[in-house]
Amino acid sequence: MLRLLVVGVFLALLTYLLHRRLVRAPGLPRPAALAADLVLVVLFVLTLGASGVGTVLDPAWARPIGFLGWSWLAVVLYLMLGLLLIGVALFVARLARRGQPRPITEDGTVETPRRGLRIATAVLVVAAVAAVGYGTIEADRPQIVTVPVALQDLPAGFDGARIALVTDLHVGPSRGADFVQGVVDLVAEEQPDLIVLGGDLADGTVELVGSDLEPLRQLQAPLGVYGVSGNHEYYSDDAESWLNHWETLGVRTLRNDHVVLERDGDVVALAGVHDYTAPEPHHPDMPAALAGIADGTPVILAAHQPRHVDEARELGVDLQLSGHTHGGQMWPLRPFVSLANPTVTGLDRFGDTQIYTSQGTGAWGPPVRVGTPPEISVLELTAAN
């Protein structure tokens, strides 16, 4: 209840600010102003409802509320950025026109700042909605991204092995089993040797959202299907319940431990740790995950957040597979994401440890991606010269 109250107050203040800047400041005529305010109130209610889809409201009937409410927040992001630019432009124009007569329009009337503001506001609203509309379509079309990765001392048996990395599905509030089925079908077409699920698969409780992951049961790979927890597994439900649910779908979860994989007579170790911010008793323990791995065995580490990479480098991990960042998800957020992560997307190197950070397959919150398309990463291992 407290969470809902805090969210409600925040959204109410945001709605009031938008009323002031989009309705009152441009001086919309009364009928248009009433219509705009009605739309803002409806969107406020939808967004408040969206915050409870998957935890309080059953996505089976409430997912449209989640989709629309979260999408509106994406529109709000671009509206706020645009309003900031308009404010700066008006301030500069005011300084430039100080002491000068106001220009005359084509109909012979004096051009007022409010008239210009009304035009700019209309353009902004259309642009924000168009950007989010584009981003919604882009977020619904994950791409296969093939990445060659050369590893030192990779045994001959694993030369050419292909790992499919699927992370950050975030199903529940805005997207459900149909989206997961599409991802599963794309993975199957690639016929990977190993499948790794990198966490943040769902937002909500197992009771309400667990069925949305049912298509994962179809995933198959010669070396197996493995998964590690992300931070969102700890937000809406007991993470242990989520990991146990994955196990019923045929996903072997790595909980600060490892498995030894064999291919053509050679072996590599696949280790996995709990999320970087996971609370006790699930705090990540990389030494425990790597304990018992024979010297000289290449180690691949599944770790949801890239922030694990410094410890992975110290402990001699060869390749870390991560997600979490979404590549920023919506332009222009990527620079802010980079402030909290050592790497944001793609293949990177820290000492002798390489890390691949996926942009994620789904989208958190708004089902929108602008400039950072969702991906299913397929890493092709080769032996470095």
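Residues numbered from 1 in each chain as written. Predicted model: local features only at pLDDT ≥ 70, side-chain atom pairs only at ≥ 80, totals over all residues. Heavy atoms only, no water.

Here we come to the packing of helix H2 (residues 30–50) against helix H3 (residues 59–96). It is at 7 Å that the axes of H2 and H3 come closest, and there the two elements cross at 115 degrees. By the criterion of interaxial angle, the relationship of H2 to H3 is roughly perpendicular. For the pair H2 and H3, the crossing hand works out as left-handed. Across the interface between the two elements, Leu40, Leu43, Leu46, Thr47, Gly49 and Ala50 of H2 pack against Ile65, Gly66, Leu68, Gly69, Trp70, Trp72 and Leu73 of H3. Its residues placed into classes, the contact of H2 with H3 shows 9 nonpolar, 4 polar and no charged. (Axes fitted to C-alpha atoms, helices over the stretch in contact; angles between N-to-C directions. Helix = DSSP H or I, 4+ residues; strand = E, 2+ residues; numbered from the N terminus. Parallel < 35°, antiparallel > 145°, perpendicular 65-115°, else oblique. Left-handed = near helix turned anticlockwise from the far one by under 90°. Contact = heavy atoms within 4.5 Å. Nonpolar A, V, L, I, M, F, W, Y, C, P; charged D, E, K, R; others polar.)

So, about the layout of surface pockets. Looking at the largest pocket, its volume works out to about 1100 Å³. Around the largest pocket sit 43 residues that line it, and Trp70, Leu73, Trp364, Gly365 and Pro366 are the ones nearest its centre. Elements supplying a minimum of two residues to the lining of the largest pocket: helix H1 (2–24), H2, H3 and helix H10 (334–338). Looking at the lining of the largest pocket element by element, the count peaks at 6 residues for H3. In terms of residue class, the lining of the largest pocket is made up of 22 nonpolar, 17 polar and 4 charged. In this structure, the lining of the largest pocket is formed jointly by two domains, domain 1 (1–138) and domain 2 (143–383), each of which donates at least three residues. (1 Å grid on protein atoms, 1.4 Å probe; cavity = no way out; pocket = protein on both sides within 12 Å on 5 of 7 lines; lining within 4 Å. Points joined across faces, edges and corners; volume = space filled by probe spheres on them. Domains from an automatic or database assignment.)

In this numbering, the UniProt entry assigns the feature "domain: Calcineurin-like phosphoesterase" (unreviewed entry) to residues 162–327. Span residues 162–327 is 23% helix and 22% strand, its end C-alpha atoms 23 Å apart. (UniProt positions renumbered as here; feature names shortened; annotations may be inferred.)

Looking now at the pattern of salt bridges. Enumeration over the complete set of coordinates arrives at 10 salt bridges. One salt bridge connects Asp140 with Arg175, and the closest N-O pair in it is separated by 3.1 Å. Highlighted residues: Asp140 in the loop between helix H4 (113–139) and strand E1 (143–151) and Arg175 in the loop between strand E2 (162–166) and helix H5 (177–190), separated in sequence by 35 residues. Of the charged contacts in the structure, one is a salt bridge between Arg263 and Asp193, with a shortest N-O distance of 3.7 Å. Here Arg263, found in strand E6 (residues 257–263), pairs with Asp193, found in the loop between H5 and strand E3 (194–197); they are 70 residues apart in sequence, far enough to count as distant. Residues joined by salt bridges that share partners form a network here, namely Arg162, Glu190 and Glu380. (Salt bridge = Lys/Arg side-chain N within 4 Å of Asp/Glu carboxyl O.)

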